[in-house]
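Architecture and fold: a report
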Amino acid sequence: MRTALVIGTGLIGTSAALALAGRGVVVHLADHDPEQARTAAALGAGTDEEPAGPVDLAIVAAPPAHVAATLADAMRRGLARGYLDVASVKGGPRRELESLGLDPAALSKYIGTHPMSGREKSGPLAATGDLFEGRPWVLTPTRDTDTEVLNLALELVSHCRAVPVVMDADAHDRAVALVSHMPHLVSSMVAARLEHAEEVAVRLCGQGIRDVTRIAASDPGMWIDILSANPGPVADLLADVSADLDETVQALRALQSSDEAKRREGATGIEDVLRRGNAGQVRVPGKHGAAPTVYESVVVLINDQPGQLARIFADAGRAGVNIEDVRIEHATGQQAGLVELMVKPAVAPVLSAALRERGWAIRQ
């Protein structure tokens, strides 16, 4: 691939353009808002000048509701040898595109894709060239997809250093409803409980509530577009969650009872949902997509000063310990926090001793 056209210069489109430009591809940028395309160009994502002729690959990074129309327009104008989109739903846009009366030969030049990566922020200023590194990038070819177009899509994924995953379009939509769309709504519902909560309660927020509500900070307009394109599978999953919630509420009410048998029944109900949660959580892929690994935590108290994290990592390196993962919990109202270093259980005592020796305060 030598040339590409990115239509839609938001977070995903600009990030893909940055990755391609960084690999030497000549990238042209287009957007319904010319100022946004100029911003992306100023960031080094390419040029906002129109290409002189057909490019190798056109990448449509429009909201799901506009993908089919944007693709059809680009195909009728002959803008590229191959076309793909990066929308978060695949079945609906494909069927809509097929309904627009395009020649079958033109449709064979299209493949639906979805990079499984993003941020809470949107727009070109939030874009980074490494946004997709190590992340799954779903490809949904059909039996009619031209081999050259599939190869161009694979080349794009390679340039972005993502991991290609081939799926059926409707299976993809059911999957993202489960792992992305439904969790986002649940996160928003939990965060909504905080809107009118007493200030003293909000000040008690710890890492747990931060983890659960992090994705609720995303742009509502963007999520309306996403959910409008995949409402059925998301509604089905939320109905299941609703049933679990009803049973959990009943179990909690039973725990309030003065009747010992009812309390035991309530405890059994709560234990059931917690155990099912355990069983589901262990299926979430671990580091590098491998099976989840149980790590041990070494918790270190740090001050909110420049260089603190770098010193901890350097001291861990001197001790010969690899940090597998890290979490930070900021203290409310204080310029301090706790850094939770996840390491293999066998080396946790080694790391604790080494950090204490170098003056770090270790929390048990």
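As named in an unreviewed UniProt entry, the protein is Prephenate dehydrogenase, taken from Streptomyces scabichelini. For the record of the protein, the UniProt heading Pathway (unreviewed entry) holds the text "Amino-acid biosynthesis; L-tyrosine biosynthesis; (4-hydroxyphenyl)pyruvate from prephenate (NAD(+) route): step 1/1." In the Catalytic activity (unreviewed entry) part of its UniProt record, the protein is described as follows: "prephenate + NAD(+) = 3-(4-hydroxyphenyl)pyruvate + CO2 + NADH".

Quick look at a nonpolar patch on the surface now. Residues Phe313, Val326 and Ile328 make up a contiguous nonpolar surface patch of roughly 210 Å² in combined accessible area. Mapped onto the fold, isoleucine 328 is located in strand S9 (residues 325–330). Since its relative accessible area comes to 32%, isoleucine 328 is described here as partly exposed.

What follows deals with the pattern of salt bridges. Side chains that carry opposite charge are capable of pairing whenever their charged atoms lie near each other. Taken as a whole and assessed by the stated rule, the structure comprises 17 salt bridges. With its nearest N and O atoms 2.9 Å apart, the salt bridge here joins arginine 38 to glutamate 35. In this pair, arginine 38 and glutamate 35 both sit in helix H2 (residues 34–42), three residues apart, roughly one turn of the helix. Classification of glutamate 35 as partly exposed rests on a relative accessible area of 44%. Look at the salt bridges and you will find they share partners, linking Asp56, Arg81 and Glu148 into a network.

A few words on the pairing of strand S6 (residues 136–140). With four of five residues buried, S6 is to be regarded as a mostly interior element. Here four bridges tie strand S5 (residues 110–115) to S6, and the two strands are oriented antiparallel to one another. Looking at S6, one finds that proline 115 is bridged to tryptophan 137. Across four bridges, the pairing between S6 and strand S7 (residues 163–166) is parallel. Residue pairing across strands places proline 136 opposite valine 163, the latter belonging to S7.

This brings us to the sheet that holds S5. In any sheet, the strands associate via hydrogen bonds between backbone groups, in a parallel or an antiparallel arrangement. With respect to topology, seven strands assemble into an open sheet ordered S2-S1-S3-S4-S5-S6-S7, the strand pairing being mixed. Strand pairing shows two members of the sheet lacking a second neighbour, strand S2 (26–30) and S7, which therefore form its edges. Direction aside, the axes of adjacent strands within the sheet are offset by 25 degrees on average. The sheet contact formed by strand S3 (residues 55–60) and strand S4 (residues 80–85) spans five bridges and is parallel. Across the sheet, leucine 57 pairs through a bridge with glycine 82, a residue of S4. Sheet strands touched by helix H3 (residues 64–76): strand S1 (3–7), S3, S4 and S5. Its angle to S4, the strand with the most contacts, is close to 180 degrees.

The contact between helix H7 (residues 169–192) and helix H11 (residues 231–255) brings their axes to 9 Å, and the two run at 55 degrees. Taken together, the axes of H7 and H11 are oblique relative to one another. Between H7 and H11 lies a crossing of right-handed hand. Residues Asp173, Arg174, Ala177, Leu178, His181, Met182, Leu185, Val186 and Met189 of H7 pack against Pro233, Val234, Leu237, Leu238 and Val241 of H11.

Counting across every chain of the model gives one aromatic pair. Seen from their ring centres, phenylalanine 132 and tryptophan 137 are 5.0 Å apart, and the 55 degrees between their planes marks the pair as tilted. Accessibility assignment for this pair places phenylalanine 132 and tryptophan 137 in one class, buried.

Quick look at the nonpolar core now. Counting 35 residues, the largest nonpolar core has Trp137 and Leu156 as the members making the most contacts within it. Only S1, helix H1 (11–22), S2, H2, S3, S6 and helix H6 (147–159) provide two or more residues apiece to this core. Residue contributions to this core peak at seven residues, all from H1. In terms of nonpolar packing, the next biggest core, distinct from the first, is built from 20 residues, Val67, Ala68, Met75 and Leu102 among them.

Calculation rules
Throughout this document, residue positions are counted from 1 along each chain, in the order its sequence is written. This being a predicted model, a pLDDT of at least 70 is required before a residue's local features are given, and a value of 80 or more before pairs of side-chain atoms are given or counted; all residues contribute to the totals for chains, interfaces and linings. Where side-chain values are given, they derive from all heavy atoms of the structure, hydrogens and water being excluded. UniProt positions are given in the numbering used here, feature names are shortened, and annotations may be inferred rather than shown by experiment. Patches here are clusters of residues that have more than 30% relative accessible area and form no salt bridge, with a 9 Å joining cutoff for like charges and a 5 Å cutoff for nonpolar side chains (Val, Leu, Ile, Met, Phe, Trp, Tyr). Only the protein chains shown count as cover for residues, and all accessible areas are computed by the Shrake-Rupley method using a 1.4 Å probe. Within this document, salt bridges are pairs made up of a side-chain nitrogen of Lys or Arg and a carboxyl oxygen of Asp or Glu, the two lying within 4 Å of each other. Only DSSP runs of H or I covering at least 4 residues are called helices, and only runs of E covering at least 2 are called strands; the numbering of each starts at the N terminus. Categorising residues by exposure relies on relative accessible area from a 1.4 Å probe, with only protein chains included: less than 20% of the type maximum marks a residue as buried, more than 50% marks it as exposed, and the intermediate range marks it as partly exposed. Between any two strands, pairing holds if DSSP finds at least two bridges. The axes used here are C-alpha line fits, helices contributing only the stretch in contact, and every angle between their N-to-C directions lies in the interval 0 to 180 degrees. Here, two residues are considered to be in contact whenever any of their heavy atoms come within 4.5 Å of each other. Roughly parallel means an angle under 35 degrees; roughly antiparallel means over 145; roughly perpendicular covers 65 to 115; every other angle is labelled oblique. Here a crossing is called left-handed whenever its near helix is offset anticlockwise from the far helix by less than a right angle, and right-handed whenever the offset is clockwise. Pairs were defined over the aromatic rings of Phe, Tyr and Trp, the Trp ring being its six-membered one, requiring ring centres within 6.5 Å. Orientation was assigned from the angle between planes: stacked under 30 degrees, edge-to-face over 60, tilted for the rest. Put simply, buried Ala, Val, Leu, Ile, Met, Phe, Trp, Tyr and Cys residues joined by side-chain atoms within 4.5 Å make one nonpolar core.

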